[in-house]
Amino acid sequence: NHTLLADFVLSGLSSRPELQGLLFFTICLVYIMTLIGNLLICVVTVHPTLHMPMYFFLRVLSFLDISTASVVVPRMLVNLRSEDSSISYTGCVTQLYCVVFLAATEWYLLAAMAYDRYVAVCSPLRYAAVMNTRVCLSLVLLSCCSGNVVSVVQTAWVFTLSFCGPRRINYFFCDIPPLIMLSCTDTSLYEKQIISATVLVILTPFCLILLSYACIISSILKISSAESRHKTFSTCSSHLTVVTLYCASGTLIYLQPKSSNSQDTKKILALIYTTVIPTLNPLIYSLRNKEVKEVLIRVM
């Protein structure tokens, strides 16, 4: 009776009761690692030796990763240990808005980070003048504003749909693809709009990032010293690794909102996007960056 009266019910990661305890322990451990790793990055990048635009953007990225995981994981953990997996209509709206806002903002921020690397490698003498404090803050603010516009439009459009029957979301959080699958109205127009939004939010920044790195690689190849080439490329490769992980999982989830792909596969991709990648980001940036490792050892 409670399930029928609830606004929405989240089915979670798995319907097998014997896996609930293992999933709870594993995801809780990953979440703790996410918090510790990203908080360390936030603390380390405040160090005076790391007062550079690249580390400022990295600090913002870590904050976004903490926020993304915190919007999704605590609710998921509660549902894994409770028989009541319902979520209110307002709670679902709020969660969807936050997830889309953070994801879109992060993509625009990754494009800004690629531009920062482009200026640093291709115009090193003008780097300090071009990437000054005002420009860096403006890029972060623009990323947040763009993410907010995308999130407001997407969230408002999703919740204009009519939901009929048991409002059981076959997912572990409120997201666009599982919500439109609950609609009893024609969603073909909305699916086209989702694809357009995916191109705007994911593929367009990704193409700009690739263009930046094409110019960066061209400049790196002109460096005569092999050691300098390796150092420059290792700095950029960390960012490119993160971009590839986000792009691969994000496009597979959103480019085909009602695809015939298994819903379990989409759950795994969403778990990677919202939980695993935020845990990997601090490792990718710290293990591949000598300056961050040195400051991290001092802080520890």
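The shown structure was predicted, so the numbers you read here are calculated from the model rather than taken from an experiment.

Definitions and cut-offs
- Residues numbered from 1 in each chain as written.
- Predicted model: local features only at pLDDT ≥ 70, side-chain atom pairs only at ≥ 80, totals over all residues.
- Heavy atoms only, no water.
- Helix = DSSP H or I, 4+ residues; strand = E, 2+ residues; numbered from the N terminus.
- Buried < 20%, exposed > 50% of the residue type's maximum accessible area, 1.4 Å probe, protein only.
- Pairing = 2+ DSSP bridges.
- Core = buried A, V, L, I, M, F, W, Y, C linked by side-chain atoms within 4.5 Å.
- Contact = heavy atoms within 4.5 Å.
- UniProt positions renumbered as here; feature names shortened; annotations may be inferred.
- Disulfide = S-S within 2.5 Å.
- Axes fitted to C-alpha atoms, helices over the stretch in contact; angles between N-to-C directions.
- Parallel < 35°, antiparallel > 145°, perpendicular 65-115°, else oblique.
- Left-handed = near helix turned anticlockwise from the far one by under 90°.
- Nonpolar A, V, L, I, M, F, W, Y, C, P; charged D, E, K, R; others polar.
- Patch = residues over 30% accessible without salt bridge, like charges linked within 9 Å, V, L, I, M, F, W, Y side chains within 5 Å.
- Areas by Shrake-Rupley, 256 points an atom, 1.4 Å probe, with all protein chains shown as cover.
- Salt bridge = Lys/Arg side-chain N within 4 Å of Asp/Glu carboxyl O.

*Asks:* Is there a simple way to explain the overall build of the chain in this structure?
*Replies:* A count of helices and strands for the chain gives 11 helices and three strands. Mapped in sequence order, the helices and strands of the chain form the string α-β-α-α-β-α-α-α-β-α-α-α-α-α. Oriented by its inertia axes, the alpha-carbon framework of the chain measures out at about 70 × 45 × 30 Å. In the chain, buried positions account for 48% of the 300 residues.

*Asks:* Sorry, what's going on with the sheet that holds strand 2 (residues 86-87) here?
*Replies:* The pairing of strands in a sheet comes from backbone hydrogen bonds and takes either a parallel or an antiparallel form. The mixed open sheet is built from three strands, whose spatial order is 2-1-3. Both edges of this open sheet fall to strand 2 and strand 3 (168-169), since each of them pairs with a single strand only. Both strand 1 (residues 8-10) and strand 3 contribute to a ladder of two bridges, which runs parallel. In the strand pairing of strand 3, Val9 is matched with Arg168.

*Asks:* Would you explain the nonpolar core in this entry?
*Replies:* The biggest cluster of nonpolar side chains holds 83 residues, and the ones touching the most others in it are Phe8, Trp107, Leu110, Ile169 and Leu179. In terms of residue count, the dominant contributor to this core is helix 4 (residues 89-122) (18 residues). Apart from the residues lying within four places of it in its own chain, the contact partners of Leu110 are Leu61, Ile209, His239, Val242, Val243 and Tyr246.

*Asks:* Would you mind going over the UniProt feature "transmembrane region" (unreviewed entry) in the chain with me for this structure?
*Replies:* Mapped onto this numbering, the UniProt entry annotates "transmembrane region" (unreviewed entry) at residues 22-44, 56-74, 94-115, 135-159, 194-221, 233-256 and 268-287. With 100% helix and 0% strand, the stretch residues 22-44 has end C-alpha atoms that lie 33 Å from each other. Between the first and last C-alpha atoms of residues 194-221 the distance is 39 Å; the span itself is 100% helix and 0% strand.

*Asks:* Just to check I follow, could you spell out the side chain of Thr105 for this structure?
*Replies:* Along the chain, Thr105 turns up in helix 4. Taking the relative accessible area as the measure of exposure, Thr105 reaches 2% and is therefore buried. Residues within four places of Thr105 in sequence aside, it is in contact with Leu64, Ser143, Cys144 and Gly147.

*Asks:* Just to check I follow, could you spell out the state of the cysteines for this structure?
*Replies:* Such a bond, covalent and formed between the sulfur atoms of two cysteines, is termed a disulfide. For the structure shown, the criterion picks out one disulfide. Note that Cys92 is cross-linked by a disulfide to Cys174, the S-S spacing being 2.0 Å. Handedness of the Cys92-Cys174 disulfide follows from its S-S torsion of about -120°: it is left-handed. Highlighted residues: Cys92 in helix 4 and Cys174 in the loop between strand 3 and helix 7 (176-180), separated in sequence by 82 residues. This pair shows no difference in class: Cys92 is buried, exactly as Cys174 is. Just so you know, Cys144 is unpaired, no disulfide at all, and the nearest cysteine sulfur is the one on Cys145, 6.9 Å from it. The exposure class assigned to Cys144 is partly exposed, which follows from its relative accessible area of 26%. Just so you know, Cys247 is unpaired, no disulfide at all, and the nearest cysteine sulfur is the one on Cys207, 8.4 Å from it. The exposure class assigned to Cys247 is buried, which follows from its relative accessible area of 10%.

*Asks:* What is the right way to read the packing of helix 2 (residues 20-44) against helix 3 (residues 53-81) from this model?
*Replies:* For any two helices packed against each other, the geometry comes down to the angle between their axes and how far apart the axes lie. Interhelical geometry of helix 2 versus helix 3 gives an angle of 160° and a closest axis separation of 9 Å. By the angle between their axes, helix 2 is roughly antiparallel relative to helix 3. Two packed elements cross with a definite hand, and for helix 2 against helix 3 that hand is left-handed. Partitioned by chemical class, the residues of the contact of helix 2 with helix 3 number 18 nonpolar, six polar and three charged.

*Asks:* What's the story with the environment of Leu296 in this structure? I'm lost.
*Replies:* Within the secondary structure layout, Leu296 lies in helix 11 (residues 290-299). Sequence separation between Leu296 and Leu208 is 88 residues; the distance between their C-alpha atoms is 31 Å. Those residues within four positions of Leu296 in sequence are excluded, and the remaining contacts are Leu40 and Val44.

*Asks:* For this particular structure, what's the right way to read a nonpolar patch on the surface?
*Replies:* A cluster of nonpolar residues, Val149, Val153, Trp157 and Leu189, forms a patch on the protein surface that exposes about 370 Å² of accessible area. In terms of residues, the nonpolar patch owes the most to one element, helix 6 (residues 133-158), which gives three residues. Topologically, Leu189 is positioned in helix 8 (residues 188-221). Judged by its relative accessible area of 60%, Leu189 is exposed.

*Asks:* What should I look at first to understand the packing of helix 3 against helix 4 in this one?
*Replies:* For the pair helix 3 and helix 4, interaxial distance at closest approach is 10 Å and the crossing angle is 160°. In terms of their interaxial angle, helix 3 and helix 4 are classed as roughly antiparallel. Considering how the two elements wind past one another, helix 3 and helix 4 form a crossing that is left-handed. Each residue belonging to the contact of helix 3 with helix 4 can be placed in one class, and the counts come to 16 nonpolar, four polar and five charged.

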